[in-house]
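Chain by chain, the residues:
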Amino acid sequence: MYFGPPLSQKMAGFLFSNFMKITNTAVNNVNIHGYEELVTIDEIRARVRMTDHAMETIVQGRDEFIRVLKGEDKRFAVVVGPCSI
């Protein structure tokens, strides 16, 4: 991304063409030595049972967060993602 002053059409064209040359080179995956597939959410759910206490904690946390968003709770909420609430 470019956050400087507006560029002339000539300069913008130059930067774009050079960017395309750089990004199209064969440098993909040069630092990857292998990979391991992750388990699916269904596999995790089959292996790890959710306890009633865990479910209550999740529901309580979501309810508290909703109250903060509605202004019913004076706490300040910051969401940093990616995440799942």
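Scoring rules and cut-offs
- Residues numbered from 1 in each chain as written.
- Predicted model: local features only at pLDDT ≥ 70, side-chain atom pairs only at ≥ 80, totals over all residues.
- Heavy atoms only, no water.
- Helix = DSSP H or I, 4+ residues; strand = E, 2+ residues; numbered from the N terminus.
- Buried < 20%, exposed > 50% of the residue type's maximum accessible area, 1.4 Å probe, protein only.
- Areas by Shrake-Rupley, 256 points an atom, 1.4 Å probe, with all protein chains shown as cover.
- Patch = residues over 30% accessible without salt bridge, like charges linked within 9 Å, V, L, I, M, F, W, Y side chains within 5 Å.
- Salt bridge = Lys/Arg side-chain N within 4 Å of Asp/Glu carboxyl O.
- Expected span 1.5 Å × (residues − 1).
- 1 Å grid on protein atoms, 1.4 Å probe; cavity = no way out; pocket = protein on both sides within 12 Å on 5 of 7 lines; lining within 4 Å.
- Points joined across faces, edges and corners; volume = space filled by probe spheres on them.
- Nonpolar A, V, L, I, M, F, W, Y, C, P; charged D, E, K, R; others polar.
- Contact = heavy atoms within 4.5 Å.
- pLDDT = per-residue confidence, 0-100.

J.: For the overall build of the protein chain, give the residues involved together with the corresponding values.
T.: Looking only at helices and strands, the protein chain features 3 helices and 0 strands. What you see in the protein chain, going N to C, is helices and strands ordered as α-α-α. The buried share of the protein chain, taken over its 85 residues, is 2%. On the protein chain, roughly 8600 Å² of surface is accessible, and the fraction owed to carbon and sulfur atoms is 60%.

J.: Summarise a nonpolar patch on the surface; cite the residues concerned and give the values.
T.: Side chains of Val39, Ile41, Ile44 and Val48 sit close together on the surface and give an oily, nonpolar patch of about 340 Å² of accessible area. Along the polypeptide, Ile44 turns up in helix α2 (residues 41-47).

J.: Pulling in residues and values, what's your account of the environment of Phe76?
T.: Inspection of the secondary structure puts Phe76 in the segment after α3 (52-70). Sequence separation of Phe76 and Phe65 is 11 residues, and the distance between their C-alpha atoms is 9.5 Å.

J.: Pulling in residues and values, what's your account of the pattern of salt bridges?
T.: The full count for this structure, using the stated rule, is 3 salt bridges. Put simply, Arg75 and Asp73 hold a salt bridge, and the shortest N to O gap is 2.8 Å.

J.: Give a description of α3 that names residues and reports values.
T.: The end-to-end C-alpha distance of α3, which contains 19 residues, comes to 27 Å, matching closely the 27 Å that a straight helix rising 1.5 Å per residue would cover. Two residues or fewer past α3, Gly71 is found with a positive phi of approximately 85 degrees.

J.: Describe the layout of surface pockets, and please don't skip the residues or the numbers.
T.: Put simply, the largest pocket is a space of about 160 Å³. In this structure, the largest pocket is lined by Ile41, Ile44, Arg45, Val48, Arg49 and Met50. For the lining of the largest pocket, a count of residues per class yields 4 nonpolar, no polar and 2 charged.

J.: Account for the side chain of Asp73, with residues named and values stated.
T.: Along the chain, Asp73 falls in the segment after α3. A relative accessible area of 16% means that Asp73 is categorised as buried. Contacts of Asp73, omitting those with residues within four sequence positions, involve Arg67 and Val68.

J.: Report on the confidence of the model for the protein chain, specifying residues and quantitative values.
T.: Per-residue pLDDT for the protein chain has a mean of 79; in total, 72% of the residues score no lower than 70. Averaged pLDDT values over the elements of the protein chain bottom out at 66 in helix α1 (residues 9-23) and peak at 95 in α3.

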